[in-house]
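# Close look at the chain arrangement
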Amino acid sequence: MNIIGTVESLWRYPVKSMRGEEMDEMFAGYAGVYGDRLFAFDSSASPKAFPYFSGRDQRQMLRYRPRFRYPDKAARPINLTEAESMPPGVNPASANPAELMIDVETPDGKTLAIDSPELIDMLRAGSNEKPQLKLLRSDKAMTDCRPVSVFAVQSAKQLGEEAGIAVDKRRFRANIYLDLASSKGFAEDEFVGRSLRIGSKVILSILERDPRCVMITLDPDTGEKEPALLKKVAQAHSGMAGVYGAVLAEGMVRKGDSVELFD
């Protein structure tokens, strides 16, 4: 086996562009991470190709903290044990929409349901264009590109050294952060076209590098911008940081799991 490192941390983002949730374990399925980006807001001011209201429109959106109302239902598929005991090809089932309801803690400490008109008003108020917003709800992750995103903590460290600033890995909003045996940053670029086995079951096919936008310039705690970071990614790394993958074999992944690279 070619063990290249371990899982440093696991994250999902129940509401697109709001604060992420760190997890000790999570289910990686063909459609993405269970509970990831189930909700988003459609904006009348956004292009048809990318209709979502995001931190690009309202930087403080990153400070809104979503929480599942029934965390046990949102932790993993409701029939995971039974599905795993059946022949290959049987997909685990999701909880019903009511059991995956979300409440959002606003930056000022107020808690509102995700479908609250007051929450939409607060989001619009912080945007220059004041667009019409509509809540979207999906049974699978509304990701920008591929189902799962992967980023090495060594890449964040290298970017910090290159840009001369402290770089919080959370800026990159990955699902799986790797701690690689290699000390150099951007080693994950070399995984494209190959596969990773994470833990005992999950296999990811790494498909492409992750093109970056203004979102990485936003501090995850304050929403303040640091343009130098995106500039450095563009100049030194062709605008790419991290990689995207598709799940070939479903299962649970856990913090500390070994990561194996193979062809």
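The text that follows walks through the structure, step by step, so that each part is easy to find. (Residues numbered from 1 in each chain as written. Predicted model: local features only at pLDDT ≥ 70, side-chain atom pairs only at ≥ 80, totals over all residues. Heavy atoms only, no water.)

Pairing within the open sheet is antiparallel, and its three strands lie in the order E4-E3-E15. Looking along the sheet, the strands with just one partner apiece sit at the ends: strand E4 (32-33) and strand E15 (251-254). Direction of pairing for strand E3 (residues 25-29) relative to E4: antiparallel, over a ladder of two bridges. Bridge pairing in E4 places Ala28 opposite Val33. (Pairing = 2+ DSSP bridges. Helix = DSSP H or I, 4+ residues; strand = E, 2+ residues; numbered from the N terminus.)

The subject of this paragraph is the pattern of salt bridges. In the structure shown here, the tally under the stated rule is 23 salt bridges. The shortest N-O distance in the salt bridge between Glu208 and Arg146 comes to 2.7 Å. Note that Glu208 is positioned in strand E13 (residues 202-211) and Arg146 in the loop between strand E9 (133-137) and strand E10 (148-152), a separation of 62 residues in sequence. Take Arg146: its relative accessible area is 34%, and that puts it in the partly exposed class. Linking Asp210 and Arg212 is a salt bridge whose minimum nitrogen-to-oxygen distance equals 3.2 Å. Here Asp210 matches Arg212 in class, with each residue buried. Residues participating in the shared-partner salt-bridge network are Arg19, Asp168, Arg170 and Asp221. (Salt bridge = Lys/Arg side-chain N within 4 Å of Asp/Glu carboxyl O. Buried < 20%, exposed > 50% of the residue type's maximum accessible area, 1.4 Å probe, protein only.)

Spatial strand order, E6-E7-E8: three strands in an open sheet with antiparallel pairing. Bordering the open sheet on either side are strand E6 (65-68) and strand E8 (111-113), each of which pairs with just one other strand. Strand-to-strand twist in this sheet, taken as the mean axis angle between neighbours without regard to direction, amounts to 30°. Across four bridges, E6 lies against strand E7 (residues 102-105) in antiparallel orientation. Paired with Pro66 across the bridge in E7 is Val104. (Axes fitted to C-alpha atoms, helices over the stretch in contact; angles between N-to-C directions.)

This brings us to the side chain of Ser205. Position of Ser205 among the secondary structure elements: in strand E13. Residue class for Ser205 comes out buried when judged on its relative accessible area of 16%.

Below, the discussion takes up helix H4 (residues 153-163). In an α-helix, one turn spans 3.6 residues, which is why side chains three or four residues apart end up on the same side. Listing the buried residues of H4 in full gives Gln154, Ser155, Ala156, Leu159 and Gly160. The positive-phi residue at the C-terminal boundary of H4 is Gly164, with phi of around 75°.

Mapped onto the elements of the fold, Phe172 is located in the loop between H4 and strand E11 (176-180). Residues Phe172 and Asp24, spaced 148 residues apart in sequence, show a C-alpha to C-alpha distance of 19 Å. Those residues in contact with Phe172, other than ones at most four positions away along the chain, are Phe151, Leu159, Val167, Tyr177, Arg212, Ile216, Leu229 and Ala241. (Contact = heavy atoms within 4.5 Å.)

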